[in-house]
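Fold and geometry: a report
Residue strings, one per chain:
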Amino acid sequence: MHDTMHRNTVDPALATRVLQLRYWQHIVNERMKKGTTKMAVHMALGYEAIATALRSMMGPEDQLVLTHRGVAHNLAGLDKLDPALDEYAQASTGISAGRLGSMNMSNPSRGVIYVSSILGNNVSVASGLAMGQKLTGKNGIAIIATGDGAMEEGTFAENLIVSRLLNLRLMILVENNDFAMASTIAERRKPIDLKSVCAGYGVRYELLSGNNVGSYADKLKQIRADIIEKNLPVVVEVSLSMLNRHAGATPGWPGDPMQVDFFKNGLIINQDDTDPVFVTRSLLDPDVYRDIEEKVLAQDRGFLA
Amino acid sequence: MTNYITGMNQLLAEHTKAVPNAFIFGQNINSGTFISGLSKNLSAHETSHIVNTPNCEYSMCGIGFGTMMNGGRAIYYAKQLDFMLLGMDQFVNTLNYIKVAPMPAELGSFSIVLITCDQGFQGPQSSFNGFGDMCSMARFPGFPLMSKQQADMVLRTQLAAPGFRIISLSQRLFRNEILDLPILASAPDCSWFQYSDGADATIVSFNFSLPQAVELRQKLEEKGKSAALFQVSFAEKYDWSAIARSVAKTKRLVVIDDSKSVHLPGQGLISDLLESGQSFQATVVRREGVDWGMTDDVMPVDYSSLLTRLNANG
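For clarity, every value in this text was computed on a predicted model and none was experimentally measured.

Each helix and strand in chain A was counted, giving twelve helices and six strands. Here chain A has a C-alpha radius of gyration of 19 Å; the compact-globule value for 305 residues is 19 Å, and the two agree. For chain A, the spread of C-alpha atoms along the three principal axes comes to 50 × 50 × 40 Å. Counting every position in chain A, which comprises 305 residues, the buried fraction comes to 52%. Across chain A, every contact between residues at least 6 apart in sequence was considered, and the portion connecting residues at least 24 apart equals 75%.

As structure tokens, then:
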């Protein structure tokens, strides 16, 4: 539980963004329920804190590589929702001119360079981007957002070896949502101690948990500075709870026990620390939170019509 | 006499050194056997880097593409074609994305330089020579290096050109004298080369079969016949117009392909020419079957029968 004595300990701008990402994802989810958005988007409800924090610390030359579940990170790079919805509608006004859809939607002008739906495929591409930055004299870092499923692929270990060998400025963000191809870790393998794995390869490891966007942002900012100073990769594991089904709308079928209903329940899905919006609310004075929520919800109502 | 591997290595060293701001990498690239001599004497432009890498073929292919996406020049020296089967996901999925998505910078280059292990006695594994199959799956160009002049042109124009390609040597030819064949004409993208013109037959070689094509042309000349000789690289889209003009004149087309693949681009050539209404005699020299066990891997060519079919034995 969060101590109410520490209210307003999070930057209102970060809190606003967390709520906006949640709201925008609710809009996408509700549109998929209605059939207004026909594409089955791989939602990332529950990723709002890490997506906001990561975006807040990115420098102008940083480059982000995502997976098919990159929606929260992609939305975090946008000022408005329309280009994403247009992309889902395969319209020429979409972020990627309607050519890449949901699973490969990129946005180079906002640093989202490569988005792959192939498990593990993008880790080495991120290493290559970091190498390209070295060759072309850029001053940013490459960030690869991968997951607890993709780290089972051999290429994950290969890139720990190679990124260290090549002194790459690479942040390997392992978004551990205990979910891969619709199975939990316990359903598909024995636990992996990623900290020990990284130690074995001589790569620094950091863990983020708790969904506090402010502390995530501070920690990531420091890690980014260290990556640039030392020219070495860092693995950052973040514990997440995914609050939606694998792809498409949630609930996914009649009688689905997983319920996401914006009209009935509002922004917050889980009344506990697994929900970044719940955590953000607990960090703010109730009046401040209410003001932020009202401001966020006053936008984009037309998309829910 | 300069043998094939020595001559090709000299050209590779010369053209690789000319590429600025390049990331040149590979397993054993500057140690051990120097990739069977492929990367011997390699040096880098003062702004480029040569890095010996671990055995991570799949990831090294991804790194090549990432470097290219950021405008860098990546050159990956690899031991053999079948090792690149591990990179197929990158060749297909990552490259397809690059073809469609906006890039953060002007597209750089990514070239893989390797050896096709077609020398025989490799056993059931490590004898994959279906270079065209690999290129076809993702529609990227592939260049078998065959003659001194053709290799020089390919390396000069393609090694650091924007985009992705694979450039391959044939291990079967390593100890042979390097082919010294002046080029009569070629496509700007090196997708085809013409070595001679002729009136009696059009010979088109694919994969690593140029030596057999040259031998057939020689045997025809000994019979008083002249042949046009072409070598075709693997391309995203083939332009057959130069070959079509030759076939319109000779009325005889011989396609030679030493690949073990079922699907041969030369059969597409014949099909396309027939569809365009051309009338000609077509002959395909290919492997009748493949012994996947320990063999010499040589594709037999019955030149006597070929000469008879081409009306040159009379």
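This next bit is on the overall build of chain B. Across its full length, chain B holds nine helices and twelve strands. With respect to the principal axes defined by its C-alpha atoms, chain B has extents near 60 × 40 × 35 Å. Counting all 314 residues of chain B, 50% fall into the buried class. Contacts in chain B between residues far apart in sequence, at least 24 positions, make up 82% of those at least 6 positions apart.

If you look at the biggest cluster of nonpolar residues, it comprises 185 residues, and the most contacted ones within it are Ile50(A), Val65(A), Ile143(A), Ile144(A), Met171(A) and Ile203(B). Sort the elements by how many residues they give to this core and helix H1 (residues 12-34) of chain A lands first, with ten residues. Two domains share this core, each providing at least three of its residues, namely domain 1 (4-173) and domain 2 (185-286 + 296-309) of chain B.

With that settled, the discussion passes to the packing of H1(A) against helix H2 (residues 48-57) of chain A. Two quantities define a packed helix pair, namely the angle between the axes and the distance from one axis to the other. Residues and elements named next belong to chain A. It is the contact of H1 with H2, at a shortest axis distance of 9 Å, that shows an interaxial angle of 130°. One element, H1, and the other, H2, form an angle in the oblique class. By crossing handedness, the relation of H1 to H2 is classed as right-handed. In this structure, H1 contributes Leu14, Arg17, Val18, Leu21 and Arg22 to the contact, and H2 contributes Glu48, Ala49, Ala51, Thr52 and Ser56. By residue class, the composition of the contact of H1 with H2 is five nonpolar, two polar and three charged.

What follows is about H2(A). Most of H2(A) sits out of view: nine of its ten residues are buried. When we look at burial in H2(A), the residues that qualify are Glu48(A), Ala49(A), Ile50(A), Ala51(A), Thr52(A), Ala53(A), Leu54(A), Arg55(A) and Met57(A).

Once that is clear, we can look at the sheet that holds strand S5 (residues 142-144) of chain B. All names here are of chain B. Within the open sheet, the six strands sit side by side as S2-S1-S3-S4-S6-S5. Their pairing is parallel. Strand pairing shows two members of the sheet lacking a second neighbour, strand S2 (49-52) and S5, which therefore form its edges. On average, each strand axis in the sheet is tilted by 20° relative to the strand beside it, whichever way the strands run. Pairing of strand S3 (residues 73-80) with strand S4 (residues 109-116) involves six bridges; the strand directions are parallel.

Once that is clear, we can look at the interface of chain A and chain B. Contacts between the two partners involve 30 residues from chain A, matched on the other side by 29 residues from chain B. Taken together, the elements giving at least two residues each to the side of chain A that touches chain B come down to strand S2 (112-116), helix H5 (121-135) and helix H6 (154-165) of chain A. With eleven residues, H5(A) is the largest single contributor of residues to the side of chain A that touches chain B.

What follows deals with the packing of helix H1 (residues 4-17) of chain B against helix H5 (residues 148-158) of chain B. Residues and elements named next belong to chain B. Their axes nearest at 10 Å, the elements H1 and H5 cross at an angle of 20°. Between H1 and H5, the interaxial angle falls into the category roughly parallel. The two elements H1 and H5 meet at a crossing, and its hand is right-handed. Where H1 abuts H5, its residues Gly7, Met8, Leu11, Leu12 and His15 lie against Lys148, Ala151, Asp152, Leu155 and Arg156. For the contact of H1 with H5, the residue count by class is five nonpolar, two polar and three charged.

In this section: the sheet that holds strand S8 (residues 192-196) of chain B. Residues and elements named next belong to chain B. Read from one edge of the open sheet, six strands run S7-S8-S10-S9-S11-S12, paired in mixed fashion. What marks the edges here is a single partner per strand, and that holds for strand S7 (185-186) and strand S12 (281-285). Pairing analysis gives two bridges linking S7 to S8, with the strands arranged antiparallel. Bridge assignment links Ser186 to a residue of S8, and that residue is Phe193.

Residues and elements named next belong to chain B. In terms of residue burial, S3 counts as a mostly covered element, since eight of its eight residues are buried. As defined by bridge partners, strand S1 (residues 22-26) adjoins S3 across four bridges and the pair is classed as parallel. Across the sheet, Ala22 pairs through a bridge with Arg73, a residue of S3. Between S3 and its parallel partner S4, the chain crosses via helix H3 (residues 88-100), and the hand of that crossover is right-handed.

What follows is about the environment of Ser109(A). Residue and element names in this part refer to chain A. By secondary structure assignment, the location of Ser109 is in the loop between helix H4 (82-88) and S2. Residue classification places Ser109 among the exposed positions, given that 10 C-beta atoms sit within 10 Å. The spatial distance from the C-alpha of Ser109 to the C-alpha of Thr184 is 35 Å, given a sequence separation of 75 residues.

As a further point, take unusual backbone geometry. Apart from glycine, the bulk of residues carry a negative phi angle, and the bulk of peptide bonds sit in the trans form. All names here are of chain A. Cis rather than trans, the peptide bond between Thr250 and Pro251 has omega equal to 5°. Looking at where Pro251 falls in the secondary structure, it is placed in the loop between strand S6 (234-239) and helix H10 (262-265). At Asn231, a residue that is not glycine, the phi angle is positive and equals roughly 50°. Looking at the element boundaries, Asn231 is found in the loop between helix H9 (213-230) and S6.

Quick look at the domain arrangement of chain B now. Residues and elements named next belong to chain B. Structurally, chain B comprises domain 1 (4-173) and domain 2 (185-286 + 296-309). Measuring from the centre of the C-alpha atoms in domain 1 to the corresponding centre in domain 2 gives 26 Å. Contact residues are listed per partner, giving 27 residues for domain 1 and 21 residues for domain 2. When residues of the side of domain 1 that touches domain 2 are assigned to their parent elements, the largest contribution, five residues, is made by H5. Class assignment of the residues belonging to the side of domain 1 that touches domain 2 gives a composition of ten nonpolar, 13 polar and four charged.

Parameters at a glance
- Position numbers for residues start from 1 in each chain and track the written sequence from start to end.
- For this description, chains carry letters from A and ligands carry numbers from 1, given in the order in which they are written.
- Only residues with pLDDT of at least 70 are given local features in this predicted model, and only at 80 or more are side-chain atom pairs given and counted; all residues enter the totals for whole chains, interfaces and linings.
- The way it works is that DSSP assigns letters per residue, a run of H or I at least four long becomes a helix, a run of E at least two long becomes a strand, and they are numbered from the N terminus.
- A radius of gyration in this sense is built from C-alpha atoms; the matching globule rule multiplies 2.2 Å by the number of residues raised to 0.38.
- Buried means a residue has 20 or more other C-beta atoms within 10 Å of its own C-beta, exposed means 12 or fewer, and partly exposed covers the counts in between; C-beta atoms are placed from the backbone.
- Any pair of residues counts as being in contact when their C-beta atoms, constructed from backbone geometry, are within 7 Å of one another.
- Joining buried Ala, Val, Leu, Ile, Met, Phe, Trp, Tyr and Cys residues through C-beta atoms within 7 Å gives a set, and that set is a nonpolar core.
- Either an automatic procedure or a domain database provided the assignment from which the domain bounds are taken.
- Every axis corresponds to a line fitted to the C-alpha atoms, with the helix fit spanning only the stretch in contact, and the corresponding angles, defined between N-to-C directions, vary from 0 to 180 degrees.
- The scheme is simple: roughly parallel for angles under 35 degrees, roughly antiparallel for over 145, roughly perpendicular for 65 to 115, oblique for anything else.
- Crossing handedness follows the turn of the near helix against the far one: under a right angle anticlockwise gives a left-handed crossing, and clockwise gives a right-handed one.
- Here the term charged refers only to Asp, Glu, Lys and Arg, the term nonpolar to Ala, Val, Leu, Ile, Met, Phe, Trp, Tyr, Cys and Pro, and the term polar to all other amino acids, Gly among them.
- For two strands to be treated as a pair, DSSP must find no fewer than two bridges joining them.
- The crossover handedness rule: strands pointing away from the viewer, path from first strand over the helix to second strand clockwise, crossover right-handed.

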